[in-house]
Each structure stands twice: as C-alpha cells, then as structure tokens.
Amino acid sequence: MASKKLLGLINLMESDYSLKQLAANRPVAAIPFGGRYRIIDFVLSNMSAAGIDTIGIYLQDKERSLMDHIRSGRP
C-alpha cells in the first residue's frame, strides 16, 4: 500500500484590528484559550488527526510568542 505524504499550510497573515488589545504583542493564533491552549492548537490538532505530518506556518510579524509555544513540536 502506497503511503500519501501531505503538507499542511497555515496562513497567519490576518488582520488583528478586531482583537487589537489582545493581539498587541502576539498574533491572533497565539491568544490563550481556556488558560492552557492557544487558538493555533485546535488547527494543529485537526491537521494531525487528518494525517498531515508536515505543517508550515506563514507569519507576518510578532512571531516570538507563537514560536515559543510550538517550538518543541511534541504531539
């Protein structure tokens, strides 16, 4: 059986105007949700469950807090 290789891309070049106070120092995807998770965790979880093993993330700016959160790459 041939295995399929999939690539997932997450584009985080969104406008943060509506969340200006929350997204002043971080991208919208890095905003905490429920105290433990970040918004991007839901997207990454769904991609992982779909069998996507390689995921790329496009960031415009303010990437430090997001990279600190996902840097380990643990499942």
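Topic: the overall build of the protein chain
- Tallying secondary structure elements over the protein chain gives two helices and four strands in all.
- Listing each helix as α and each strand as β along the protein chain from the N terminus yields β-β-β-α-β-α.
- Of all intrachain contacts in the protein chain linking residues separated by at least 6 positions in sequence, the fraction that spans at least 24 positions is 65%.
- Of the roughly 6,100 Å² of accessible surface on the protein chain, a fraction of 53% belongs to carbon and sulfur atoms.

Brief notes about the packing of aromatic side chains
- Summed over the entire model, instances satisfying the criterion amount to two aromatic pairs.
- With 5.4 Å between their ring centres and 85 degrees between their planes, Phe 33 and Phe 42 make a pair best called edge-to-face.
- Phe 42 gets classed as partly exposed once you look at its relative accessible area, which sits at 40%.
- In this structure an aromatic cluster arises from ring pairing among Phe 33, Tyr 37 and Phe 42.

Some details on helix 1 (residues 39–49)
- Of all the residues in helix 1, the buried ones are Ile 40, Asp 41 and Met 47. Along helix 1, the residues classed as buried sweep out an arc of 130 degrees about the axis, all on the same side. In helix 1, the exposed positions angled more than 90 degrees off the buried face are occupied by Asn 46 and Ala 49.
- Buried residues belonging to helix 1 abut strand 1 (7–11), strand 3 (37–38), strand 4 (54–58) and helix 2 (64–70).
- Looking one or two residues beyond helix 1, the residue adopting positive phi is Gly 51, at roughly 90 degrees.

Structural notes on the confidence of the model for the protein chain
- Across the protein chain, the average pLDDT comes to 80, with 89% of residues at or above 70.
- The spread of mean pLDDT over the elements of the protein chain runs between helix 2, the lowest at 79, and strand 1, the highest at 90.

Notes on the nonpolar core
- One finds Ile 10, Leu 12, Ala 29, Ala 30, Ile 40, Met 47, Leu 66 and Ile 70 forming the largest nonpolar core, which totals eight residues.
- Looking at this core, the elements with two or more residues in it are helix 1 and helix 2.
- The residues touching Leu 12, leaving out its near neighbours within four places in the chain, are Ala 29, Ile 40, Ile 57, Tyr 58, Leu 59 and Leu 66.

Structural notes on the side chain of Arg 38
- One can find Arg 38 in strand 3.
- Here Arg 38 sits buried without a salt bridge, and the closest side chain of opposite charge, Asp 41, lies 6.1 Å off (N-O distance).
- When near neighbours in sequence (up to four residues on either side) are disregarded, Arg 38 contacts Arg 26, Ala 29, Ala 30, Ile 31, Pro 32, Phe 33, Ser 65 and His 69.

The rules behind these values
- Within each chain, residue numbers correspond to sequence positions counted from 1 in written order.
- In view of the model being predicted, local features appear only for residues whose pLDDT reaches at least 70, and side-chain atom pairs are presented and counted only at 80 or more, with totals across whole chains, interfaces and linings using the full set of residues.
- Calculation of side-chain values draws on the structure's entire complement of heavy atoms; hydrogens and water are dropped beforehand.
- Every helix listed is a DSSP run of H or I at least four residues long, and every strand listed is a run of E at least two residues long, numbered separately from the N terminus.
- Throughout, a contact is declared for two residues whenever any of their heavy atoms are within 4.5 Å.
- Here, Shrake-Rupley sampling with a 1.4 Å probe gives the accessible areas, and only protein chains in the shown set may cover a residue.
- Stacked, edge-to-face and tilted are the three classes for Phe, Tyr and Trp ring pairs, Trp counted by its six-membered ring, which pair at centre distances within 6.5 Å; planes under 30 degrees apart are stacked, over 60 edge-to-face, the rest tilted.
- Remark: exposure states derive from per-residue accessible area (1.4 Å probe, protein chains only) relative to the maximum for the residue type, with buried under 20%, exposed over 50%, and partly exposed in between.
- Arc definition: it is the arc formed by the directions from the helix axis to the C-beta atoms.
- Per-residue confidence from the predictor is reported as pLDDT, which spans 0 to 100.
- Throughout this description, the term nonpolar core refers to a set of buried Ala, Val, Leu, Ile, Met, Phe, Trp, Tyr and Cys residues connected via side-chain atoms within 4.5 Å.
- Residues scored as charged are limited to Lys and Arg (positive) and Asp and Glu (negative), so that His and the chain ends carry no count.
- For salt bridges, the criterion is a side-chain nitrogen of Lys or Arg within 4 Å of an Asp or Glu carboxyl oxygen.

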